[in-house]
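Structural characterization, general
If you want the building blocks of each chain, they are given just below.
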Amino acid sequence: MRSIVAEPALVACCGLYCGACPSYLNGKCEGCRKSRKNGWCAVKKCVEASGIRTCAECARYPDPAQCKKFNNFISKVMGFVLNSNRAACVAEIKRVGPKVFAEEMAERRRRTMPRS
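Everything numeric here is computed off the predicted structure, so don't read it as measured data.

**What about the state of the cysteines?**
Scanning all chains against the criterion turns up zero disulfides. Summary of cysteine pairing: Cys32 is not part of a disulfide, and the nearest cysteine sulfur, belonging to Cys13, is at 3.6 Å. The thiol sulfur of Cys67 is not disulfide-bonded, and the nearest other cysteine sulfur, from Cys46, lies at 5.7 Å. Residue classification places Cys67 among the buried positions, given a relative accessible area of 13%.

Take a look at the structure:
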């Protein structure tokens, strides 16, 4: 099993922190950026096509809640089920940058910020 470490490369396109995800820690996933199993993810496709690292860098939708790819039905359901607030993660990445965000999430041992 992998250890939780602060690694900016493990910040997912949508703002989650793969470095604290059980699938990543158990070796079942390589993380958002390296994984080929998540080719279905519209957010990852958009981020890669836009040439940015995360939704925090998106100039078209400064508020990810306005983006239909980020804020779709499935993400709303999964956010509720997993108590995940990806929009808060994106806001935090904008505020502190991906390096500090990765450090914060590793310290908290969380892959996401909780819904309020």
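Moving on from the model shown.
**A few points about the nonpolar core**
Core analysis: the biggest nonpolar cluster contains 28 residues, and Val11, Tyr17, Val43, Cys55, Phe70 and Phe101 have the highest contact counts within it. Where this core is concerned, the elements lending two or more residues are helix H1 (22-25), helix H2 (42-50), helix H4 (86-96) and helix H5 (98-108). Excluding anything up to four places from it in sequence, Tyr17 contacts Val5, Ala6, Glu7, Leu10, Val11, Phe101, Ala102, Met105, Ala106, Arg110 and Arg111.

**Quick word on unusual backbone geometry**
Even without a glycine there, the phi angle at Asn83 is positive, about 50°. With respect to the helices and strands, the residue Asn83 is situated in the loop between helix H3 (73-81) and H4. Given a relative accessible area of 34%, Asn83 falls into the partly exposed group. The backbone of Arg109 shows a phi angle near 60°, a positive value even though the residue is not glycine.

Calculation rules
- Residues numbered from 1 in each chain as written.
- Predicted model: local features only at pLDDT ≥ 70, side-chain atom pairs only at ≥ 80, totals over all residues.
- Heavy atoms only, no water.
- Disulfide = S-S within 2.5 Å.
- Buried < 20%, exposed > 50% of the residue type's maximum accessible area, 1.4 Å probe, protein only.
- Core = buried A, V, L, I, M, F, W, Y, C linked by side-chain atoms within 4.5 Å.
- Helix = DSSP H or I, 4+ residues; strand = E, 2+ residues; numbered from the N terminus.
- Contact = heavy atoms within 4.5 Å.

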